[in-house]
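# Structural description and commentary
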Amino acid sequence: MSRRQRQMRALVILLVVVLLLAGAVVLAQQLTGSTEEAAPAPASPSAAPEASVVEQPPVLPPGSVEGLVNAVSSTASGDDQRYASTLEIPSVPGFGEVERAVLDQQLDAYEQALADAPDGRGSFDVASDVVVAAGPYLGLRTEIFASVGGGNGIVTTTTTWVDTQRPSVILSPDLIADPQRDALRALVLAAIERDRPEALVRADPPLQFADDDLLLDLRFADDGALLVVVGEDSGAIVSAAGPQTVRVEPAAAERLLTADARRIAAAVAADESAVPLPAPEGDDAWKLPEQRAEGVDCSVERCIALTFDDGPSQYTDRLLGELAEADARATFMVVGRNAATQPATVERAAEAGHQIVGHTWSHPDLTTLDDAGILDEIERTDAAIEAATGEPASALMRPPYGAVDDRVLGVLAGAGKAAVLWNVDTEDWRNRDVAETTRRAVEGAKPGAIVLMHDIHESTVDAVPGIVEQLRAAGYTLVTVDELLGATTPGAEYFHRP
Ligand code: NI
C-alpha cells in the first residue's frame, strides 16, 4: 500500500466516523424533540408541500352555461388590431361595470405602450371563459393578449366571481381574507421558487407586490384546493415562461379564504350543478319570418348581400327581429366561440333562412398562424356551427380583418373553403352612426355587391331597417352570399359576385 493509498483510507474512515456521529446527534435530537432549528416548512419529498406549481387548469367549454350573452367588439386601424369577446350576465346588475373596469385598465396600458412603440403596431385581444359554474356561483376568466411592436406579447388573466342569486360580484383578490393576502403571496412565490425557479423574476431589492398583484386570477380545484394563476404582467414571472399556476392544498386554502370564498370552494367540491340563469331579456321579441319565395336569379336581378361579422352578440336577436320584419335575408359571419356560447341565436338565424358562415374560432389574423393553427380555427368553428344548426358548415369562410396571403389561401383550399371578403365597407365599427352606416351602405351599393357590417354594434342594428328599405327602393333584392356567388372554388377570394 503506497503512502497515498494509506492517506485515502484514513480519510475515508474519518469521514465514516463523522457521518455516524452526525447521524447519532440528529437521531438523539429527534427522539428528545429538542431541535430548535427544525425547518418550519417540510423540505423532504415525503411530506407534501402546502403549495406547488401545477398545470394551468382548463376552462369550461363555451355554451356550458345557458343564459350567458356575448358582447363582441372589433376595431382595426392600420396596424392596430383589437378584438374583444366578453361574456355578459344580463340578470346580474353591476357585473358589466366590474368587467369593464378591468378591461379599461388593461386597454389604457396597451394604448400607452402602443404610443411608445416605434412602428405603432399592436394587437389587443380579449376572450372570456367560464372557469367555475357550481350552484349559484360563476367564475369568469377574462384573458387579455396584448402585443406591441411585433413582440411576443403578454397574457393577462383575471377572474371575476358572481353569485347569480344574491346577486353579487367580486374580483379574485377579495376571495382572500385581507390579513392573509401577504401569507398567500409568500406561499405562491415560494412554490414557484422551488418548483419552477427559472420562471421567477429575481430582483434586488426583492419585488414588492401591491394588494392585488399575484391574486388577480384565482380558481378552485375539484377537491377544494385553491389555484393561483400568476400572470406575465404581475412582475413576478419571466414573460417567456408564461403564466404559472400554483395549487394551494385544501387545508392551507381553508385558512386563507373568506367565508364567501369557502362557500364557492364547497360548491365546486360538491360538484353542484349550476343554477340556470334567466333567459336574456327580449328573447321573446323575435319571431320566425314568413317563408320566402325561392329561386332568386342574380344573373337577372339586382342582387346584394348584407353580411354581419363577429357575432352572435347581445344585439343579434334584435337584428334577426328587424330582418324578419323586413322579410330580408342576410349572411352571418360568426366567430366560433361566440356561436358556441349562443347556439340558440345561430339556430334561429339559420331557421329564418339566413346563411351562417364561419369567421374563425377566436378571430386571429390568420397570416400570423401556422397551417395547423389556421385549420384548427376553421374546424372548431365549423363544429360549433354544425352543432347549433344541425346542418353541415358552409364551403365559405370570412378571414378576420380580411387578412389572407397565398399560404393562408392554400390552407383554405385544402380545407375546401373559399374566402369571402367584401366590396362595400360601411365602416360601422368606426362611425357607430346610423346615418353614416346607412349612407355608406346605400351609396356604395351596386349589383352583385357584398356589404360588410357587424352585428356587434347597436347602431348597426338600428341602421338595418332603413338600409333594407332604401336598397329595395333602388331595385335591389337582398340575398345570402351563397345565392349571390353560386358555386365557389376552394382557395379563391370573392369580393363580389364574379
Ligand atoms: Ni371580424
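For the structure itself, consult the block above.
Here the structure is a predicted model, which means the values were calculated and not measured.

### Observations regarding the state of the cysteines
Counting across every chain of the model gives one disulfide. Bridging Cys298 to Cys303, the disulfide has an S-S length of 2.2 Å. An S-S torsion of about -90 degrees defines the bridge between Cys298 and Cys303 as left-handed.

### A word on the packing of helix 9 (residues 371–389) against helix 10 (residues 406–414)
Across the interface, helix 9 lies against helix 10 with an axial gap of 10 Å and an inter-helix angle of 50 degrees. Comparing their axes, helix 10 and helix 9 come out oblique. Helix 9 and helix 10 meet at a crossing whose hand is right-handed. Counting all contacts with helix 9, which are made through Asp371, Ile374, Leu375 and Ile378, the residues of helix 10 involved are Arg407, Val408, Val411 and Leu412. Its residues placed into classes, the contact of helix 9 with helix 10 shows six nonpolar, no polar and two charged.

### A few points about the packing of helix 12 (residues 434–444) against helix 13 (residues 458–473)
One way to put it is that helix 12 packs onto helix 13 with a least axis distance of 9 Å and a crossing angle of 40 degrees. The angle between the axes of helix 12 and helix 13 places the two elements in the oblique class. Once helix 12 is placed against helix 13, the crossing between them reads as right-handed. Residues Val434, Thr437, Thr438, Ala441 and Val442 of helix 12 form the contact with helix 13, whose participating residues are Ser459, Asp462, Ala463, Ile467, Gln470 and Leu471.

### Thoughts on the coordination of the nickel ion
Ideal geometry at a metal centre: 109.5 degrees between donors when four sit tetrahedrally, and 90 or 180 degrees when six sit octahedrally. Within the first shell, the nickel ion binds the protein through Asp310 (OD), His359 (NE2) and His363 (NE2), at distances of 2.1 to 2.2 Å. Going along the chain, you hit the donors of the nickel ion in the pattern D-x48-H-x3-H.

### Some thoughts on the pattern of salt bridges
Under the definition given, this model contains 31 salt bridges. The partner of Arg181 in a salt bridge is Asp178, and the shortest N-O contact between them spans 3.7 Å. A salt bridge links Arg407 to Asp371, with the nearest nitrogen and oxygen atoms 2.5 Å apart. Placement of Arg407 in helix 10 and of Asp371 in helix 9 is noted, with a sequence separation of 36 residues between them. By relative accessible area, Arg407 is classed as partly exposed at 34%. Classification of Asp371 by relative accessible area gives partly exposed; the value is 38%. The structure contains a network of salt bridges with shared partners spanning Asp129, Arg141, Glu143 and Arg337.

### Let's talk about the sheet that holds strand 1 (residues 51–54)
If you trace the four strands from one edge of the open sheet to the other, you get 1-10-9-8, paired in antiparallel fashion. Only two strands of the sheet have a single partner each, and these edge strands are strand 1 and strand 8 (217–220). On average, each strand axis in the sheet is inclined to that of its neighbour by 30 degrees, with strand direction left out of account. One ladder, built from four bridges, connects strand 8 with strand 9 (residues 226–230); its direction is antiparallel. Note that in strand 9 the partner of Asp217 across the bridge is Val229. Most of the contacts of helix 3 (residues 181–195) go to strand 1, to which it runs at about 55 degrees, and overall it touches strand 1, strand 9 and strand 10 (244–248).

### Let's talk about the side chain of Arg337
Its place among the elements puts Arg337 in helix 7 (residues 336–341). Using a relative accessible area of 11% as the deciding quantity, one classes Arg337 as buried. Sequence-distant contacts of Arg337, that is, excluding residues within four places in its chain, are made with Pro62, Ser85, Ala127, Ser128, Asp129, Trp361 and Ser362.

### Observations regarding the nonpolar core
In terms of nonpolar packing, the biggest core is built from 37 residues, with Leu184, Ile192, Phe220, Leu226, Val228 and Val248 touching the most fellow members. Residue assignment for this core shows that the elements contributing at least two residues are strand 1, strand 4 (122–134), helix 3, strand 8, strand 9, strand 10, helix 4 (250–256) and helix 5 (259–269). If sequence neighbours within four positions are ignored, Val248 has contacts with Glu50, Ala51, Leu184, Leu187, Ala225, Leu226, Val228, Ala253 and Leu256.

### Here we look at the pairing of strand 7 (residues 168–171)
Strand direction decides the pairing type here: strand 6 (residues 154–163) and strand 7, joined by four bridges, are antiparallel. Opposite Val162, over in strand 7, you have Val169 as the bridge partner. Here strand 6 hands over to strand 7 after four residues, the two strands then running antiparallel side by side.

Thresholds, definitions, all that
Residues numbered from 1 in each chain as written. Predicted model: local features only at pLDDT ≥ 70, side-chain atom pairs only at ≥ 80, totals over all residues. Heavy atoms only, no water. Disulfide = S-S within 2.5 Å. Axes fitted to C-alpha atoms, helices over the stretch in contact; angles between N-to-C directions. Helix = DSSP H or I, 4+ residues; strand = E, 2+ residues; numbered from the N terminus. Parallel < 35°, antiparallel > 145°, perpendicular 65-115°, else oblique. Left-handed = near helix turned anticlockwise from the far one by under 90°. Contact = heavy atoms within 4.5 Å. Nonpolar A, V, L, I, M, F, W, Y, C, P; charged D, E, K, R; others polar. Donors = N, O, S within 2.8 Å, 3.2 Å for Na, K, Ca; no water. Salt bridge = Lys/Arg side-chain N within 4 Å of Asp/Glu carboxyl O. Buried < 20%, exposed > 50% of the residue type's maximum accessible area, 1.4 Å probe, protein only. Pairing = 2+ DSSP bridges. Core = buried A, V, L, I, M, F, W, Y, C linked by side-chain atoms within 4.5 Å.

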